[in-house]
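Remarks on the overall topology
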Amino acid sequence: MKVEFWGTRGSLASPGFDTARYGGNTSCVSVRGSEGTLIVLDAGTGIRNLGQSLPPTVNQAHILLTHLHMDHIQGLPFFAPLRRPGSEIHIWGPASTTLGLSARLQKYLSPPLFPVSIRELAARIHFHELPFHVIEIGEFMIHAQLIIHPNPTIGYRIQSANAALTYLPDHEPALGGRAFARDTSWTSGYKLAEGANLLIHDSQYSEEEYRQRIGFGHSSLGHAFRFAEASNVKHFVPFHHDPTHDDDTLDRMFERAMQDAQPSYGVTPGHEGLSIDVRG
Amino acid sequence: MFQQEIEVILARHLAECLAMPVFLVNPDGDLIFYNEPAEKVLGQNYNETGAMPAREWTTIFQPMSREGNAIPPEELPLMIALSKHQPAHDLFWIHAKDGVTREIEVTAFPLIGQAGRFLGAIALFWERST
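What this report covers is the structure whose coordinates are included nearby. One numbering rule holds for all chains: residues counted from 1, following each sequence as written. A letter from A marks each chain and a number from 1 marks each ligand, given out in the order of writing. Restriction of local features to residues with pLDDT of at least 70 applies here, the model being predicted, together with a cutoff of 80 or more for giving and counting side-chain atom pairs; totals for whole chains, interfaces and linings are based on all residues.

Some points on the sheet that holds strand E6 (residues 124-130) of chain A
Residues and elements named next belong to chain A. As a reminder of what qualifies: Strand pairing follows a simple DSSP-based rule, namely that at least 2 bridges must link the two strands. Runs of H or I in DSSP of at least four residues are treated as helices and runs of E of at least two as strands, each being numbered from the N terminus. Interaxial angles span 0 to 180 degrees and are taken between N-to-C directions of axes, which are lines fitted to C-alpha atoms, for helices over the stretch in contact.
Strand order in the open sheet formed by seven strands is E6-E5-E4-E3-E2-E1-E14, and the pairing between neighbours is mixed. The two strands at the open ends of the sheet, each matched to only one other strand, are E6 and strand E14 (275-277). Between one strand axis and the next, the sheet turns by 20° as a mean value, whatever way the strands run. Bridge count between strand E3 (residues 38-41) and strand E4 (residues 60-64): three bridges; the pairing is parallel. Note on E4: the bridge partner recorded for Leu41 is Leu64.

Have a look at this one:
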């Protein structure tokens, strides 16, 4: 499967000269299968560029939302295929205990927060609520599971015939208590990440910042490395960079974290334009 | 490999942060976690005992009523919360593993997660001082 990164920033889009290398767009990753199935992971502001890059012949896509915080849905109405008559778009994501996925999304996609409502978009849109079953999309099997992050938040494991990708962009497994990473049966997200060929994981904070933000739902870079190590992944992409971290800050954080972790697996810091061919 | 449901992981985290004794059992009634304050009341450590099957923890502490009658497992608050999916409360005596007999008051409630998934039950208990 081919994995491309269109937005790697967390919380808030952060364009500017000092964030140009890692990118300022919020979470969006595309996954292409060998049979052409298109899966889009989250609809942050990065999804606009993804939509622009797709040829008009692409008339079907599956958008898998981890949760409905603004940095993961803000780009949704700017995804070109949604405005194209004849397109078929499937939106998968979490319901809450009282509201369905469609009703939850309508809160953003309706006036006064946004001038266009979902039903005014030209594409045929189908909503599917997760995460309590395994789904099959084209050549992929998708495993979804709740993970630790405020409000219902889903992590995904996308399995092809020969490789597995795990996507946990907003995740605070260290909040699971003292057993974190030591006892994997008590570690949030472990079942999704175990042995994955590629892990895309929240690494928003430095260790110092994390101590001031425990319970915000995000990981320190060090915690993300510990999670990757415990999950025995083959390749790790730190993701969901804090909007206050410019390129030079991120360079220093990754350099220090690599020295501390001495990982036995591959590590590529997430940045816009990154493309990885994931194979088993 | 097996992984606990997220609501159960968070329940354990809450228990680890609380200063009052907490018991956490899975839908089968097996004891999957108890916190440090509970260790003091029970007279044993979670790190030493680990998880315990229902048939073990419901009898090992020999729960008995104020009148001195043994309480059958199915009448313990946690087991009522499990079997009836409703809260339960009781006051009774246990023989802790440190050899001390203690009077405890227990409130148990079912743990129901997203989409109505039944995930087990939680008991909060207090050692009575008189």
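Back to the write-up after that little detour.
Observations concerning helix H5 (residues 221-230) of chain A
All names here are of chain A. Rule in force here: Field definition: a residue is buried when 20 or more other C-beta atoms are found within 10 Å of its C-beta, exposed when 12 or fewer are, and partly exposed for counts in between, with C-beta atoms placed from the backbone. We call two residues in contact when the distance between their C-beta atoms, placed using the backbone, is within 7 Å.
Taken as a whole, H5 has its buried residues at Leu221, His223, Ala224, Phe225, Phe227 and Ala228. For H5, the secondary structure elements touched by its buried residues are strand E11 (198-202), strand E12 (235-239) and helix H6 (247-261). Residue Asn232 follows H5 closely and has a positive phi angle near 55°.

Concerning the pairing of strand E3 (residues 88-95) of chain B
All names here are of chain B. For E3 and strand E4 (residues 101-112), the ladder comprises eight bridges, and the chain directions are antiparallel. The residue bridging His95 from the neighbouring strand is Thr101, located in E4. What sits between E3 and E4 in their antiparallel hairpin is a turn of five residues, with Gly99 showing a positive phi close to 90°.

Points about unusual backbone geometry
All names here are of chain A. A cis amide bond links Pro111 with the next residue in sequence, Pro112, at an omega value of 5°. Here Pro112 is to be found in the loop between helix H2 (101-106) and E6. Even without a glycine there, the phi angle at Ser11 is positive, about 70°. Position of Ser11 among the secondary structure elements: in the loop between strand E1 (2-7) and strand E2 (28-32).

Here we look at the nonpolar core
Spelled out, the test is: Note on terminology: a nonpolar core is a set of buried residues of type Ala, Val, Leu, Ile, Met, Phe, Trp, Tyr or Cys, with members joined through C-beta atoms within 7 Å.
Of all hydrophobic cores here, the largest spans 101 residues; its most connected members are Val40(A), Phe23(B), Leu24(B) and Leu78(B). With residues near it in sequence (within four places) discarded, Leu78(B) still touches Phe23(B), Val25(B), Ala108(B), Ala121(B) and Ala123(B).

Points about the environment of Asp71(A)
Residue and element names in this part refer to chain A. Mapped onto the fold, Asp71 is located in the loop between E4 and strand E5 (88-94). Remark: the alpha-carbon pair of Asp71 and His240, spanning 169 residues in sequence, is separated by 9.9 Å. Discounting residues that sit within four places of it in the chain, Asp71 has contacts with Gly10, Ser11, Leu12, Thr26, Ser27 and Gly44.

Some remarks on the pairing of strand E5 (residues 118-127) of chain B
All names here are of chain B. Of the pairings in the sheet, the one linking strand E1 (residues 22-25) to E5 comprises four bridges and is antiparallel in character. Pairing of Leu24 across the sheet is with Ile122, part of E5. Pairing of E4 with E5 involves nine bridges; the strand directions are antiparallel. Following the sheet pairing, Ala108 is matched in E5 by Ala123. If you look at the hairpin formed by E4 and E5, you'll find five residues sitting between the two strands, and Ala115 has a positive phi there, around 60°.

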